[in-house]
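# Structure at a glance
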Amino acid sequence: TGAGKSTLLSALTRPIEPLVARVPLRILLKYQFAFEALVGKRVLVCNERGSSVLHNIDVINTVTGETDIIEVPRKYKTPIKIPALNAVIVAMNDPPVIAEQEHGATLEALAERVSIIHMHQAGTNKPGIINEISPVEALKFLLWSTWQLRERGWRIRKTTGSEVLDFLERETNSALQFIESEVI
């Protein structure tokens with residue numbers, strides 16, 4: 001909380017705002033006509049409250065490119081087909097709880113598509129100035145930041161699907177957390 005997730009998402013998406021859909025995952029997973037907000041968009045960005053429970057992850061897999069085309073149901077209209085999204089970026093205070101009981105192919109497919117970025121609040125600096133930066137300057141800053149990381153020898157590594165599943169299981173399993181912290 002307070003690490004600047006929403007501000008970062010705003011800065012990252014400002015240069016491509018016309019291509020960004022903002023529909024909460026919990027709405028997308030429950031309301032079939034929420035897909036209409038994805039028409040003409042390439043990226044889904046949303047903030048989710050902590051302890052989100054993801055039911056029916058088939059929907060997330062479909063949106064994130066399990067197939068190249070998504071069928072969008074529309075109220076009182078013929079469904080239309082749109083290309084799958086290029087990315088879904090979700091900011092959460094806590095990892096989601098996956099409601100799938102088995103580590104089946106659906107869950108493994110989702111895990112292969114997930115990257116987890118841990119953010120921590122650094123000092124008392126407030127990132128509010130980002131809201132005043134133009135889209136061109138935001139893009140220049142992101143490119144400069146990437147260059148700086150490479151110059152310093154930093155390597156950003158994509159986590160594997162099994163690493164994502166292990167992390168989600170460890171972080172959302174209160175019994176396992178109790179055993180790890182309290183049992184000797």
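The rules we used
Numbering of residues starts from 1 in each chain and follows the order in which that chain's sequence is written. This being a predicted model, a pLDDT of at least 70 is required before a residue's local features are given, and a value of 80 or more before pairs of side-chain atoms are given or counted; all residues contribute to the totals for chains, interfaces and linings. With hydrogens and water stripped out, all remaining heavy atoms of the structure feed into the side-chain values. Only DSSP runs of H or I reaching four residues or more are called helices, and only runs of E reaching two or more are called strands; each is numbered from the N terminus. Relative accessibility thresholds used throughout: buried, under 20% of the residue-type maximum; exposed, over 50%; partly exposed, between the two (1.4 Å probe, protein chains only). Any two residues having at least one pair of non-hydrogen atoms within 4.5 Å are treated as being in contact. Accessibility throughout is a Shrake-Rupley quantity obtained with a 1.4 Å probe, and a residue counts as covered only by protein chains that appear here. Any two of the Phe, Tyr and Trp rings considered here, Trp counted by its six-membered ring, make a pair once their centres fall within 6.5 Å; the pair's planes then place it as stacked at under 30 degrees, edge-to-face at over 60, or tilted in between. One bridge is not enough; two strands pair if DSSP finds at least two bridges between them. Working convention: axes come from line fits to C-alpha atoms, limited for helices to the stretch in contact. Angles between N-to-C directions cover 0 to 180 degrees. Nonpolar side chains (Val, Leu, Ile, Met, Phe, Trp, Tyr) are joined into patches within 5 Å and like charges within 9 Å, using only residues with over 30% relative accessible area and no salt bridge. Salt bridge, as used here, is a side-chain nitrogen of Lys or Arg placed within 4 Å of a carboxyl oxygen of Asp or Glu. What makes a nonpolar core is a set of buried Ala, Val, Leu, Ile, Met, Phe, Trp, Tyr and Cys residues whose side-chain atoms join them at distances within 4.5 Å.

### Quick look at the overall build of the chain
- Looking only at helices and strands, the chain features seven helices and seven strands.
- Along the chain direction, N to C, the helices and strands of the chain fall in the order α-β-α-β-β-α-β-β-β-β-α-α-α-α.
- Sorting the 184 residues of the chain into buried and exposed places 27% on the buried side.
- For the chain, contacts bridging at least 24 residues in sequence account for 67% of all contacts bridging at least 6.
- About 12,400 Å² of surface is accessible on the chain, with carbon and sulfur atoms providing 56% of the total.

### Here we look at the packing of aromatic side chains
- Evaluated as defined, the whole model comprises one aromatic pair.
- Here Tyr-31 and Phe-33 contribute two aromatic rings whose centre-to-centre distance is 5.7 Å and whose plane-to-plane angle is 75°, an arrangement assigned as edge-to-face.

### Side note on the pairing of strand E5 (residues 77–83)
- As paired strands, strand E4 (residues 69–74) and E5 are joined by five bridges and run antiparallel to one another. Considered in E5, the bridge of Glu-71 is made with Lys-81.

### A word on the sheet that holds strand E1 (residues 20–21)
- Taken in spatial order, the three strands line up as E1-E2-E6 in an open sheet, and their pairing is parallel. Each having just a single partner strand, E1 and strand E6 (87–92) make up the two edges of the open sheet.
- Sheet topology note: the E1/strand E2 (residues 43–48) ladder contains two bridges and is parallel. Bridging from a neighbouring strand, Ala-21 pairs with Leu-44 of E2.
- Helix-sheet contacts for helix H1 (residues 5–13) involve E1, E2 and E6, and the interaxial angle to E2 is about 165°.

### So, a nonpolar patch on the surface
- Together, Phe-141, Trp-144 and Trp-147 make up a nonpolar patch on the protein surface, roughly 380 Å² of accessible area in all.
- Checked against the element boundaries, Trp-147 lands in helix H5 (residues 135–151).
- For Trp-147, a relative accessible area of 47% puts it in the partly exposed group.

### As for the pattern of salt bridges
- The full count for this structure, using the stated rule, is two salt bridges.
- Among the ionic pairs, Glu-17 bridges to Arg-22, the shortest N-O distance being 3.0 Å.
- Its salt-bridge partner being Lys-81, residue Glu-71 comes within 3.9 Å of it at the nearest N-O pair. One end of the pair, Glu-71, is in strand E4; the other, Lys-81, is in strand E5, and 10 residues separate them in sequence.
- For Glu-71, a relative accessible area of 48% gives the class partly exposed.

### As for the nonpolar core
- By size, the foremost hydrophobic cluster in this structure holds 27 residues, and its most contacted members are Leu-28, Phe-35, Leu-38 and Leu-44.
- Leaving out residues up to four positions away in the same chain, Leu-44 has contacts with Ala-21, Arg-22, Val-23, Leu-25, Leu-28, Leu-38, Leu-85, Ala-87, Val-88 and Ile-89.
- In this structure, Leu-9, Val-20, Val-45 and Ala-91 belong to the second largest nonpolar core, which totals five residues.

Function cannot be inferred from these measures alone, as they are strictly geometric.
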